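# Understanding the architecture of this molecule
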Amino acid sequence: MRIVQGSKDQVVPAVNATYLGERLPNSRVDFIDGAGHFCWEERPDDYAALVIDWWRHPTPTALEP
């Protein structure tokens, strides 16, 4: 699982993404520098790069053998 959050999100604190990343197996947390709550709109190229990387290199899940 990939967790993406803007580094300047004023709606959801950054600690929330860190909290999820520490508790969800096989997860990865990425912060998009300078972006707020709608990071996919504010920094679409950075967001798209993370999604594309996730598609190309998915994190294995706990359900895989």
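Here goes a summary of the coordinates provided. (Residues numbered from 1 in each chain as written. Predicted model: local features only at pLDDT ≥ 70, side-chain atom pairs only at ≥ 80, totals over all residues. Heavy atoms only, no water.)

Let us look at the packing of aromatic side chains. Inspection of the entire model under this criterion finds two aromatic pairs. Three or more aromatic residues link up through ring pairs in this structure, and these residues are F38, W40 and Y47. (Phe/Tyr/Trp six-rings, centres within 6.5 Å; stacked < 30°, edge-to-face > 60°.)

What follows deals with the pattern of salt bridges. Under the counting rule described, the total for this entry stands at five salt bridges. Its salt-bridge partner being R23, residue E22 comes within 3.3 Å of it at the nearest N-O pair. Residue R43 pairs with D46 through a salt bridge whose shortest N-O separation is 2.7 Å. A relative accessible area of 32% means that D46 is categorised as partly exposed. Through salt bridges with shared partners, a single ionic network connects R2, R28, D30 and D53. (Salt bridge = Lys/Arg side-chain N within 4 Å of Asp/Glu carboxyl O. Buried < 20%, exposed > 50% of the residue type's maximum accessible area, 1.4 Å probe, protein only.)

Honestly, it's all geometry; don't read function into it.
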